[in-house]
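# Survey of secondary and tertiary structure
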Amino acid sequence: MRDLSLHLMDIVQNSISAKASEVCISITADNKVDLLTMKIADNGEGIEESLLEDITSPFTTTRKTRKVGMGISLLKASSNMACGDLEIYSKRFEGTTVEATFKISHIDRLPLGDITETIVTLIIASPHIEFELVLSNEDDCFRFSTAEVKAQLKEVPITQVEVLNWIREYINSGIKIIFGGVLNEILS
Amino acid sequence: MKSLAELEEIRKKTLDQMSLRKGNDGMRVIVGMATCGIAAGARPVMSAFVEEINKRNLTDVTVTMTGCIGVCRLEPVVEIIDKDGNKVTYVKMTPEKAARIVAEHIVNGRVCVDYTIGEAEK
């Protein structure tokens, strides 16, 4: 994967396959401890304990068509490459949380990528799922939630072009405020 | 900073137009969005489809995503299913190809044969 937004897209697909109705994505950059954390938490059907043990192996998968599943192992590899690690917490029928960390200043740390496009694409493809995005740095925090947007829109669907454009601008400004100058790929 | 209150304005504006945009029985565009697809560039392909379809105001076309379609070496893969259930599978997609497919296949009903899986496998 070329950047974190593509990894995010990939991991959220697992939440969708697990029939989650809510997915919370949080990205935290803390320059004091030089740590970037990307966390994806869902309320899907969870992962069986027996599977959880070797979930990061590319040869672990629940799909029936073939014996490989690369998503989680690729994210773990990207994380390890930047002195970070990947943790998965899951409880059957309650949900799963995937947390990947990265050393911000590491030369091999993947750039953030287009987080906005990932979120908008997810909304278009799964408008019935509630997505929450929380971006934070040491002292500030930005929050976007599809549930709030839908409450405001009432009978107008969230997939209307005008609404999607508003969401794009809204998230982009959030990224700029929170990560501008904090992550060197985002200009302040 | 933008605020949620702006959505109220958008809501009012789109409500008037919404009565014109009804019916969901048209074509379906399905983009393969598994690890293989994403790594090969499926996200910009899906964005291109959505953008082109909105630009042309094709309100009865739906764009969705699915998991791995099964031919990872030919990703990004896009399937287009018409009202009668006929399916065309396009492979090695790019945003540029997406624009052409919207214009020729979705609007004018002419399949872009050179982008299909049958051609790629020859």
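Preceding this section is the structure that the text describes.
What you see is a predicted model; the values in this text were computed from it and never measured. (Residues numbered from 1 in each chain as written. Chains lettered and ligands numbered in written order. Predicted model: local features only at pLDDT ≥ 70, side-chain atom pairs only at ≥ 80, totals over all residues. Heavy atoms only, no water.)

### Comments concerning the sheet that holds strand S5 (residues 130-136) of chain A
Residue and element names in this part refer to chain A. Taking strand neighbours across the sheet as the criterion, the 6 strands line up as S3-S4-S2-S1-S5-S6 in an open arrangement whose pairing is mixed. The open sheet is flanked by strand S3 (86-91) and strand S6 (141-145), the only strands paired with a single partner. Across the sheet, the axes of successive neighbouring strands diverge by a mean angle of 10 degrees, strand direction being ignored. Of the strand pairs in this sheet, S3 and strand S4 (residues 95-103) are connected by 6 bridges, and their pairing is antiparallel. (Pairing = 2+ DSSP bridges. Helix = DSSP H or I, 4+ residues; strand = E, 2+ residues; numbered from the N terminus. Axes fitted to C-alpha atoms, helices over the stretch in contact; angles between N-to-C directions.)

### A closer look at the environment of Val50 of chain B
Tracing the backbone through its elements, the reader meets Val50 of chain B in helix H3 (residues 42-55). What makes Val50 of chain B buried here is its relative accessible area of 10%. Ignoring anything within four residues of it in the chain, the contact list for Val50 of chain B reads Ile124 of chain A together with Val63 of chain B. (Buried < 20%, exposed > 50% of the residue type's maximum accessible area, 1.4 Å probe, protein only. Contact = heavy atoms within 4.5 Å.)

### Describing the packing of H3 of chain B against helix H4 (residues 95-107) of chain B
All names here are of chain B. Across the interface, H3 lies against H4 with an axial gap of 8 Å and an inter-helix angle of 40 degrees. With respect to H4, the element H3 is oriented oblique. Crossing angle aside, the handedness with which H3 passes H4 is right-handed. For the pair H3 and H4, the contacting residues are Pro44, Val45, Ala48, Phe49, Glu52 and Ile53 in the first and Pro95, Ala98, Ala99, Ile101, Val102 and Ile106 in the second. Its residues placed into classes, the contact of H3 with H4 shows 11 nonpolar, no polar and 1 charged. (Parallel < 35°, antiparallel > 145°, perpendicular 65-115°, else oblique. Left-handed = near helix turned anticlockwise from the far one by under 90°. Nonpolar A, V, L, I, M, F, W, Y, C, P; charged D, E, K, R; others polar.)

### Concerning the nonpolar core
Membership of the largest hydrophobic core comes to 85 residues, with the highest contact counts inside it found for Phe144 and Phe179 of chain A together with Val29 and Phe49 of chain B. Ranked by residue count, the leading element in this core is helix H6 (residues 161-179) of chain A, at 9 residues. Residue contacts for Phe179 of chain A: discarding those within four places in its chain leaves Ile27, Ala29, Leu112, Leu135, Ser136 and Ile186 of chain A. (Core = buried A, V, L, I, M, F, W, Y, C linked by side-chain atoms within 4.5 Å.)

### Some points on the environment of Cys72 of chain B
Residue position: Cys72 of chain B is located in the loop between strand S2 (62-66) and strand S3 (78-81). Using a relative accessible area of 30% as the deciding quantity, one classes Cys72 of chain B as partly exposed. Along the chain, Cys72 of chain B and Cys36 of chain B lie 36 residues apart, while their C-alpha atoms are 5.7 Å from each other. Contacts of Cys72 of chain B, omitting those with residues within four sequence positions, involve Arg66 of chain A together with Cys36 of chain B.

### Concerning the interface of chain B and chain A
Between chain B and chain A, the contact holds 30 residues from the first and 40 residues from the second. A combined buried area of about 3,000 Å² lies between chain B and chain A, and 66% of that area is made up of carbon and sulfur atoms. The salt bridge involving Glu155 of chain A is made with Arg11 of chain B; its shortest N-O contact spans 2.7 Å. The tally of links from chain B across to chain A stands at 8 residue pairs in polar contact (both at pLDDT 80 or more). Its residues placed into classes, the side of chain B that touches chain A shows 17 nonpolar, 7 polar and 6 charged. (Buried area = accessible area lost by both parts, 1.4 Å probe. Salt bridge = Lys/Arg side-chain N within 4 Å of Asp/Glu carboxyl O. Polar contact = N/O pair within 3.5 Å; in protein donor to acceptor, adjacent residues only side chain to side chain.)

### Overview of the pairing of strand S2 (residues 35-42) of chain A
Residues and elements named next belong to chain A. With 8 bridges connecting them, strand S1 (residues 22-30) and S2 associate as antiparallel partners. Counterpart to Thr28 in the pairing with S2 is Thr37. The hairpin formed by S1 and S2 contains 4 residues between the paired strands, and Asp34 there has a positive phi angle of roughly 55 degrees. The pairing of S2 with S4 spans 8 bridges and is classified as antiparallel. Along S4, the bridge assignment pairs Leu36 with Phe102.

### Side note on the sheet that holds S2 of chain B
Remark on secondary structure: sheet strands pair via backbone hydrogen bonds, oriented parallel or antiparallel. Residue and element names in this part refer to chain B. In space, the 4 strands of this open sheet follow the order S2-S1-S3-S4, with mixed pairing throughout. Of all strands in the sheet, those bounded by a partner on one side alone are S2 and strand S4 (87-90). Taking each pair of neighbouring strands and ignoring which way they run, the sheet shows an average axis angle of 20 degrees. As defined by bridge partners, S3 adjoins S4 across 4 bridges and the pair is classed as antiparallel.

### Examining the packing of helix H1 (residues 4-17) of chain A against helix H3 (residues 71-81) of chain A
Describing two packed helices takes the angle between their axes plus the distance from one axis to the other. All names here are of chain A. Where H1 meets H3, the axes come as close as 10 Å, and the angle between the chain directions of the two elements is 145 degrees. For the pair H1 and H3, the sense of crossing is left-handed. Of the residues in H3, those touching H1 at His7, Asp10, Ile11 and Asn14 are Gly71, Ile72, Leu74, Leu75 and Ser78. Residues that form the contact of H1 with H3 fall into these classes: 4 nonpolar, 4 polar and 1 charged.

### Some words on unusual backbone geometry
Geometrically, the link from Glu75 of chain B to Pro76 of chain B is a cis peptide bond, its omega value of -10 degrees lying close to zero. Mapped onto the elements, Pro76 of chain B comes out in the loop between S2 and S3. Positive phi is not limited to glycine here, since Asp34 of chain A has a value of about 55 degrees. Here Asp34 of chain A is to be found in the loop between S1 and S2. For Asp34 of chain A, a relative accessible area of 18% corresponds to the buried category.

Structural measurements only, silent on function.
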